[in-house]
Amino acid sequence: MTTTELREAILAHLKYALGTDPDRASVTDWRIALSYAIRDRIVDPWFASTQAAEAAKGKRVYYLSMEFLIGRLLEDAVVNLGLMESASAAMSSLGLDLDTVLSDEPDAALGNGGLGRLAACFLESLATVGCPAYGYGIRYEHGLFRQSFVDGRQVESPEDWLRQPHAWEFERPGAAFEIGFGGRVASNAGRTEWTPAESVVAEAYDTPVIGWKGRWANTLRLWSAKPTTFFDLDRFNRGDYYGAAEPEALARTISRVLYPDDTTEEGKRLRLKQEYFFTAASLNDILRRFLSEHDDLRQLPRKVAIQLNDTHPAIAGPELVRLLHDVHGMPLDEAIVTARGCLSYTNHTLLPEALERWSEGLMGSLLPRHLSLIERIDAAHAAAHPDRGITMRENGEVKMGELAFCMAHKVNGVSALHTELMKRTVFSELHRLHPERILNQTNGVTPRRWVLSANPRLSGLLTDAIGEEWVDDLERLHEIEPLAEDAGFREDYAAAKRANKEELASYLRAERGVSVDPEAMFDVQIKRIHEYKRQHLNILEAIALWQEIGDNPNGDWTPRVKIFGGKAAPGYVFAKEIIHLINSVAQVINSDPVTSKFLKIDYPANYNVSLAERLIPASDLSEQISTAGKEASGTGNMKFALNGALTIGTLDGANVEIRELVGAENFFLFGMDADEVMARRAIDGHAARAIEADPRLARALDAIRDGAFSPGERGRFDAIVSNLSQADYFLVSSDFTDYWRAQREVDVAYRDRTAWMRMAILNTARSGWFSSDRTIRSYMSQIWNAQGLLADAGTDGRDEG
Ligand code: GL5
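Definitions and cut-offs
- Residues numbered from 1 in each chain as written.
- Predicted model: local features only at pLDDT ≥ 70, side-chain atom pairs only at ≥ 80, totals over all residues.
- Helix = DSSP H or I, 4+ residues; strand = E, 2+ residues; numbered from the N terminus.
- Buried ≥ 20, exposed ≤ 12 C-beta atoms within 10 Å, placed from the backbone.
- Contact = placed C-beta atoms within 7 Å.
- Expected span 1.5 Å × (residues − 1).
- pLDDT = per-residue confidence, 0-100.
- UniProt positions renumbered as here; feature names shortened; annotations may be inferred.
- Domains from an automatic or database assignment.
- Near = placed C-beta within 6 Å.
- Nonpolar A, V, L, I, M, F, W, Y, C, P; charged D, E, K, R; others polar.
- Pairing = 2+ DSSP bridges.
- Core = buried A, V, L, I, M, F, W, Y, C linked by C-beta atoms within 7 Å.
- Axes fitted to C-alpha atoms, helices over the stretch in contact; angles between N-to-C directions.
- Parallel < 35°, antiparallel > 145°, perpendicular 65-115°, else oblique.
- Right-handed = clockwise from strand over helix to strand, strands pointing away.

Draft legend 1. Local environment of the overall build of the chain. From N to C terminus, the chain includes 32 helices and 24 strands. Taken along its principal axes, the extent of the C-alpha atoms in the chain is 90 × 70 × 60 Å. Per-residue burial over the chain gives 53% buried out of 801 residues. Considering only residue pairs separated by 6 or more positions, the chain has 77% of its internal contacts joining residues 24 or more positions apart.

Right, here's the structure in full:
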């Protein structure tokens, strides 16, 4: 597409779709007009892909996820269509700067954290490798809450991404299913019938997902809840205006908000309704599509692969059995085997509080038929393994992990260590019964978003050095390995990093009034706030460092800027205390005239995908410091390594594989491993002993206790101090000393810029394996048995001039 054609298309959309003219158009109008113009370029390859998939009558992959943290879509589309130059030229010919227009787009934050972002990376990779696939989820009216800080405390407000027209979606009123809840189950002529007491309509909204070079596009289908009757006219006519609107309000509640929950247990009835709502709508849609192409439901596993992203859609097991058995008349045993042939389940956490359980009372009242099917499935499983006494029900609750496991033909963990721990801990009994079922699929990230778009300077360097093929063949980055020894390349690489840091520094100055020196080490920890991720270990180290710099202000300190980003679940009190502590410490340290040239702390509010895209390319040091055994994988750790930040980290999640690949000498390891963690936790008084043995740690804790960061309010952070001195389940105190040691090694290493750049380049060169293209290909061959169809599809919509 030429610049002129694109420009004409933008102007036409501005006029005919938005009804405005260039003189009056706001940045948002221009952005939407550009989005429509780009979207037009996606529709043809999208149709071609859909038709190719229909013609092939092969297997389709269905990715069921409560969360899709997709972020902004315009830049993704422009980049994947190869239209960056045209778009930039077209915009400037209209007097606009493309970056300004791109950053006007609100983030679609339909997810909490890593699990949701992984789903978004997977969608993009599925399209890039040409695998016919659908993502299925919920079209939340309000995604993840907006975070602000008031006096250093997190305050949440609703986020409003749909206030403006959402340019990427197509509403599909024709694709709608009625979803029931509650009611009665009865037998009728040998068939079981469920008559729900209430129902809502699930209506589809489709967003095309375009892969690299526009060669293939899939669909993200999100369900929105609508009432079966919009309006109660009787009540309205009686003057009961609120009552008349009630059915609509109640129905819409289901797709109103994303559960603000990231691996903590919360909420009950609405959450289960949301889970069933989107799972049932998706399965109905999948069966409808299957039956439009085939007639024998026993063939379902050959044509349909359904991936359950965590236990949130685990009700898919009984629901699919219900559809096959109750609705389509397949014998129950066969229905269970058929459903299992289609389903597979990814586990994303071992934290006990995050492994979903639903009380049988709640499940029975909302989904009575499903509860009885779960009992049948459980009984059948128990009968097949009579000596084991395993059950998916316990203390009046249904254990969704066990249910998902028993209804899946494959179950996977998300890093090598996590998968091993799954076998040894939460699923040890089931693993013994089904040793072939658990396998590992280490996570990955899409290089299009996380290197090519987020870091154009580094991308340019890579492409100049080894050609463009790395973008969808990321292991080619190995080819730059020898360049780590090339002084010219090292200088260019350092200059790119430096320019990214300068850009971030100006952003922080403009947006936050914080001034930081790009020469300093940018030390970044961005992720959800959680005790196991140990942001408090990082801030304790900052306090200790500040004290030591204060003792010796003329010392030869390595200047650092510590940057934090992340949200805490609104009900997670301790995590919110950690946020408050970080902000309070930052305030004191940043205003210390003696130390602030060596140490600054910044915590921009409302961390999201777009902020991550700014921070990661500008980072020198990546903090991956979770208690070993607790972080299932991490994906931020991969993004940092690819962008040439060195990791300081524990042997946890995918850190283990990152370290193996980049080389132990290019990674700052500290802390106990998972086995040591378990052993140490069993020792009485481990926290007190650690504090006693390390005067630095004791002094840092004393400063918090004595009110150094809460002037006039001594006890403000008592909950944190007493936790770290007593129970300290996440072993912050016990790992502090070794963390301090590793941080001082980092300081020394950073001063030798040549050596540091060599290490950074090797991190980039050796992290190509963490592409989500590799992960998706591995799911395709090891779990889904699905084929890519790239050769048959689509046009290449790239720049022609
Ligand atoms: C998570 C894990 O905590 C992460 O370690 C993992 O990288 C991610 C994707 O597999 O899944 N589980 C979870 O509930 N969230 C995660 O980020 O939100």
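Still more ground to cover, so stick around.
Draft legend 2. Here's a closer look at helix H20 (residues 487–512). Its 26 residues place the ends of H20 36 Å apart at the C-alpha level, agreeing with the 38 Å of an ideal helix rising 1.5 Å per residue. The secondary structure elements touched by the buried residues of H20 are helix H19 (456–466), strand S19 (521–526), strand S21 (599–602), helix H23 (609–615) and helix H31 (753–766). Gly513 lies just past H20 and shows a positive phi near 65 degrees.

Draft legend 3. Structural context of the environment of Glu141. Considering the arrangement of structural elements, one finds Glu141 in the loop between strand S4 (133–138) and strand S5 (146–150). For Glu141, a count of 19 C-beta atoms within 10 Å translates into the label partly exposed. Separated by 196 residues in the primary sequence, Glu141 and Val337 place their C-alpha atoms 37 Å from one another. Among residues more than four places away in sequence, those in contact with Glu141 are Leu162, Ser255 and Arg256.

Draft legend 4. Quick peek at the confidence of the model for the chain. Summary statistics for the chain give a mean pLDDT of 95 and a share of 98% for residues scoring 70 or more. Across the chain, strand S22 (residues 621–624) holds the top mean pLDDT of 99, while helix H8 (residues 241–253) sits lowest at 88. Low pLDDT, under 50, characterises residues 792–801; the stretch is placed with 38 contacts to residues that sit more than four places away or in other chains. Overall fold confidence (pTM) sits at 0.97, and the ipTM for the predicted complex is 0.98.

Draft legend 5. Region of the structure containing the UniProt feature "modified residue: N6-(pyridoxal phosphate)lysine" (unreviewed entry) in the chain. UniProt records the feature "modified residue: N6-(pyridoxal phosphate)lysine" (unreviewed entry) for Lys639 in the present numbering. As for its placement among the helices and strands, Lys639 is situated in helix H24 (residues 636–642). Contacts of Lys639, omitting those with residues within four sequence positions, involve Val445, Trp450 and Ile616.

Draft legend 6. Looking closely at the domain arrangement of the chain. Each assigned domain of the chain is listed with its residue range as follows: domain 1 (57–72 + 107–443 + 777–784) and domain 2 (447–770). Taking only C-alpha atoms, the centre of domain 1 and the centre of domain 2 are 34 Å apart. With 41 residues of domain 1 at the interface, the matching set in domain 2 holds 36 residues. Contributions of two or more residues to the side of domain 1 that touches domain 2 are made by strand S2 (68–71), helix H6 (114–128), S5, strand S6 (153–157) and helix H16 (416–424).

Draft legend 7. Local environment of the environment of Gly190. Tracing the sequence through the fold places Gly190 in the loop between strand S8 (184–188) and strand S9 (191–195). For Gly190, a count of 6 C-beta atoms within 10 Å corresponds to the exposed category. Spatially, the C-alpha atoms of Gly190 and Asp326 are 9.8 Å apart, while their sequence positions differ by 136 residues.

Draft legend 8. Representation of the site of the ligand. The immediate surroundings of the ligand are formed by 17 residues, with Gly114, Leu115, His348, Ala632 and Ser633 found nearest. Taken together, the residues of the shell around the ligand break down into four nonpolar, eleven polar and two charged. Per-domain counts for the shell around the ligand show at least three residues from each of domain 1 (57–72 + 107–443 + 777–784) and domain 2 (447–770).

Draft legend 9. Here's a closer look at the sheet that holds strand S14 (residues 357–359). Spatially, S14-S16-S15 is the arrangement adopted by the three strands of the open sheet, whose pairing is antiparallel. Looking along the sheet, the strands with just one partner apiece sit at the ends: S14 and strand S15 (393–394). Two elements, S15 and strand S16 (residues 397–399), share two bridges in a ladder whose sense is antiparallel. Each bridged residue has a counterpart across the sheet, and for Glu394 the counterpart in S16 is Glu397.

Draft legend 10. Spotlight on the nonpolar core. One finds Tyr62, Phe277, Ile306 and Val585 to be the most contacted residues of the largest nonpolar core, which totals 239 residues. Formed jointly, this core draws a minimum of three residues from each of two domains, domain 1 (57–72 + 107–443 + 777–784) and domain 2 (447–770). Every residue in contact with Ile306, bar those within four places of it in the chain, is listed here: Tyr62, Leu64, Ile286, Ala316, Cys342 and Leu343.

Draft legend 11. View of the sheet that holds strand S20 (residues 560–565). The strand order S21-S20-S19-S22-S23-S24 describes an open sheet built from six strands, whose pairing is parallel. Taken across any chain shown, the strands that pair with only one partner, and hence form the sheet edges, are S21 and strand S24 (668–669). Pairing of strand S23 (residues 646–649) with S24 involves two bridges; the strand directions are parallel. Looking at the pairing, Ile648 lines up with Phe668 of S24.

Draft legend 12. Structural view of the environment of Met363. Here Met363 shows up in helix H13 (residues 360–366). On a C-alpha basis, the gap between Met363 and Tyr607 in space is 35 Å, while along the polypeptide they are 244 residues apart.

Draft legend 13. Representation of unusual backbone geometry within the structure. Even without glycine at this site, Lys57 takes up a positive phi of about 45 degrees. On the secondary structure map, Lys57 appears in the loop between helix H2 (27–56) and strand S1 (60–64). One non-glycine residue, Asp728, adopts positive backbone phi at about 40 degrees. Examined against the element boundaries, Asp728 turns out to sit in the loop between helix H29 (718–725) and helix H30 (732–751).

Draft legend 14. Looking closely at the packing of H19 against H20. For the pair H19 and H20, the least separation of the axes is 9 Å and the interaxial angle reads 160 degrees. Put simply, H19 runs roughly antiparallel to H20. Between H19 and H20, the residues in contact are Arg457, Leu458, Leu461 and Ala465 and Phe489, Asp492, Tyr493, Ala496, Ala499 and Asn500, respectively. A per-class count over the contact of H19 with H20 returns seven nonpolar, one polar and two charged.

Draft legend 15. Representation of the pairing of strand S12 (residues 304–309) in the model. With respect to burial, S12 is a largely interior element, six of its six residues being buried. Burial along S12 is two-sided: Val304, Ile306 and Leu308 and Ala305, Gln307 and Asn309, pointing in opposite directions, are all buried. The pairing of S12 with strand S13 (residues 343–346) spans four bridges and is classified as parallel. For Gln307, the partnering residue across the bridge sits in S13 and is Ser344.

Draft legend 16. View of the pairing of S20. For S20, a buried count of six out of six residues is recorded, marking the element as mostly surrounded by other parts of the structure. A two-sided burial pattern is seen for S20, the buried positions comprising Arg560, Lys562 and Phe564 on one face and Val561, Ile563 and Gly565 on the other. Here S19 runs beside S20; their pairing, made up of six bridges, is parallel. Note on S20: the bridge partner recorded for Phe522 is Val561. At this point the chain moves from S19, through helix H21 (residues 535–551), to the parallel S20, and the crossover so formed is right-handed. As paired elements, S20 and S21 share four bridges and run parallel to each other. Looking at the pairing, Ile563 lines up with Asp602 of S21. Once the chain exits S20 it traverses helix H22 (residues 573–590) before rejoining the sheet at S21, and the crossover so formed is right-handed.

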